[in-house]
Amino acid sequence: MQMSGPDMQPWSFATIPPLFLMWTEMMVPMMVPSATPAVLKFSAAKRKRENGKPFLPAGIFLLGYLTVWTGFSALAAIAQWALHATALLSPMMVSANAFFGGALLIAAGIFQWLPAKTRCLSQCCSPLNVSTENWREGKTGAFVTGLKHGFYCTGCCWILMALLFVAGVMNLWWIAALSALVLVERTIPCGRLLGRIAGVIFAIWGAWMMLHAVAR
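Source: prediction; values computed, not measured.

**Student:** Got a sec to walk through the pattern of salt bridges? Specific residues and values, please.
**Tutor:** All told, the structure shown has 1 salt bridge when counted by the stated rule. In this structure, Glu-185 engages Lys-117 in a salt bridge whose closest nitrogen and oxygen atoms are separated by 3.0 Å. Remark: Lys-117 occurs in helix 4 (residues 115-125) and Glu-185 occurs in helix 8 (residues 172-187); sequence separation between them is 68 residues. For Glu-185, a relative accessible area of 2% corresponds to the buried category.

Encoded structure:
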């Protein structure tokens, strides 16, 4: 299942803004569900500490979080433009080079086991660790805390989002699978273990892609 995408004729720099909008539209529905527990915890902490209405600060917290992912969308759009220019992506926005796709999968698989992944994931799963450090009152504090949470979440799963270049940037099934993995890692007790199992699968898949390309 594929969504319609930008014109796949040779791209000029003018193509980058539509790509940016496309990535932003993808990142919001992919990342907001996994951020919902953090928003709720922040809202509860805000209500307890300030005895005020938490809804506006929670919205500002979410805005800060999405600001980081909007920045990521800009970088992803530029990366997609460059990959198209070097013919590493097909007209269907799928990896056109088995070694490129395989390398991304193997890198993602390894990253799932690295301490950096564990540290960022622990912050994503326990957002109050971020919100209680250098707590700032008011709207600015809510926005800054959202930014911090967004940076940790981006550090946790940026390479998973890069895997969209492997099976299709506009492949709805692949988008749903990666979104589910991100959500599972953050919300269930064995999420970290399942994420590592997914990493092994990614690495095996990437190695198979490369070996298959060599054998042909």
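**Student:** How would you sum up the side chain of Thr-154? Please name residues and give values.
**Tutor:** With respect to the helices and strands, Thr-154 occurs in helix 6 (residues 138-162). The exposure class assigned to Thr-154 is buried, which follows from its relative accessible area of 13%. When neighbours within four sequence positions are excluded, Thr-154 is seen to be in contact with Val-68, Trp-69 and Phe-72.

**Student:** Got a sec to walk through a nonpolar patch on the surface? Specific residues and values, please.
**Tutor:** Judged by side-chain polarity, Ile-188, Leu-193, Leu-194, Ile-197 and Ile-201 come together as a nonpolar surface patch covering roughly 420 Å² of accessible area. Counting through the fold element by element, Ile-188 comes out in the loop between helix 8 and helix 9 (191-215). Classification of Ile-188 as partly exposed rests on a relative accessible area of 33%.

**Student:** How would you summarise the state of the cysteines if you had to cite specific residues and measurements?
**Tutor:** Covalent bonding between the sulfur atoms of two cysteines is what defines a disulfide. A full pass over the atoms with the stated rule returns 0 disulfides. Here Cys-156 is not cross-linked by a disulfide; its sulfur's nearest cysteine counterpart is in Cys-124, at 4.7 Å.

**Student:** Go over the packing of aromatic side chains, please, and point to the residues and values.
**Tutor:** Under the defined criterion, the tally for this structure stands at 6 aromatic pairs. On the basis of an interplanar angle of 20° and a centroid distance of 4.6 Å, the ring pair of Phe-42 and Phe-61 is categorised as stacked. Here Phe-61 lies in helix 2 (residues 55-85) and Phe-42 lies in helix 1 (residues 16-50), a separation of 19 residues in the sequence. A relative accessible area of 3% places Phe-42 in the buried class. Residue Phe-61 is classed as buried on the basis of its relative accessible area, which comes to 1%.

**Student:** With reference to specific residues and values, describe unusual backbone geometry.
**Tutor:** You will see that Ala-87, though not glycine, has its phi angle at about 65°, which is positive. Taking the relative accessible area as the measure of exposure, Ala-87 reaches 52% and is therefore exposed.

**Student:** So, the side chain of Ser-73: which residues are in play, and what are the values?
**Tutor:** Residue placement: Ser-73 occurs in helix 2. On the basis of relative accessibility, which here comes to 0%, the residue Ser-73 falls in the buried class. When near neighbours in sequence (up to four residues on either side) are disregarded, Ser-73 contacts Phe-20, Trp-23, Thr-24 and Met-27.

**Student:** So what about helix 8? Which residues, and what values?
**Tutor:** With 16 residues, helix 8 should reach 22 Å at 1.5 Å per residue; the first-to-last C-alpha distance of 22 Å fits that figure. All of the buried residues along helix 8 are Trp-174, Ile-175, Leu-178, Ser-179, Leu-181, Val-182, Glu-185 and Arg-186. The buried residues of helix 8 all sit within an arc of 155° when viewed along its axis, so they share a single face. Sitting at the head of helix 8, Asn-171 places a side-chain oxygen 3.0 Å from the backbone nitrogen of Trp-173.

**Student:** So what's going on with the environment of Met-22? Which residues, and what values?
**Tutor:** Its place among the elements puts Met-22 in helix 1. For the pair Met-22 and Met-170, spaced 148 residues apart in sequence, the C-alpha to C-alpha distance is 9.2 Å.

**Student:** Account for the packing of helix 6 against helix 8, with residues named and values stated.
**Tutor:** Their axes nearest at 11 Å, the elements helix 6 and helix 8 cross at an angle of 150°. Taken as axis vectors, helix 6 and helix 8 run roughly antiparallel relative to one another. Relative to helix 8, helix 6 is oriented so that their crossing is right-handed. Here Cys-153, Cys-156, Cys-157, Leu-160 and Met-161 of helix 6 lie close against helix 8, whose contacting residues are Leu-178, Leu-181, Val-182, Glu-185 and Arg-186. Per-class residue counts for the contact of helix 6 with helix 8 are 8 nonpolar, no polar and 2 charged.

Criteria and cut-off values
Residues numbered from 1 in each chain as written. Predicted model: local features only at pLDDT ≥ 70, side-chain atom pairs only at ≥ 80, totals over all residues. Heavy atoms only, no water. Salt bridge = Lys/Arg side-chain N within 4 Å of Asp/Glu carboxyl O. Helix = DSSP H or I, 4+ residues; strand = E, 2+ residues; numbered from the N terminus. Buried < 20%, exposed > 50% of the residue type's maximum accessible area, 1.4 Å probe, protein only. Contact = heavy atoms within 4.5 Å. Patch = residues over 30% accessible without salt bridge, like charges linked within 9 Å, V, L, I, M, F, W, Y side chains within 5 Å. Areas by Shrake-Rupley, 256 points an atom, 1.4 Å probe, with all protein chains shown as cover. Disulfide = S-S within 2.5 Å. Phe/Tyr/Trp six-rings, centres within 6.5 Å; stacked < 30°, edge-to-face > 60°. Expected span 1.5 Å × (residues − 1). Arc of directions from axis to C-beta. Polar contact = N/O pair within 3.5 Å; in protein donor to acceptor, adjacent residues only side chain to side chain. Axes fitted to C-alpha atoms, helices over the stretch in contact; angles between N-to-C directions. Parallel < 35°, antiparallel > 145°, perpendicular 65-115°, else oblique. Left-handed = near helix turned anticlockwise from the far one by under 90°. Nonpolar A, V, L, I, M, F, W, Y, C, P; charged D, E, K, R; others polar.

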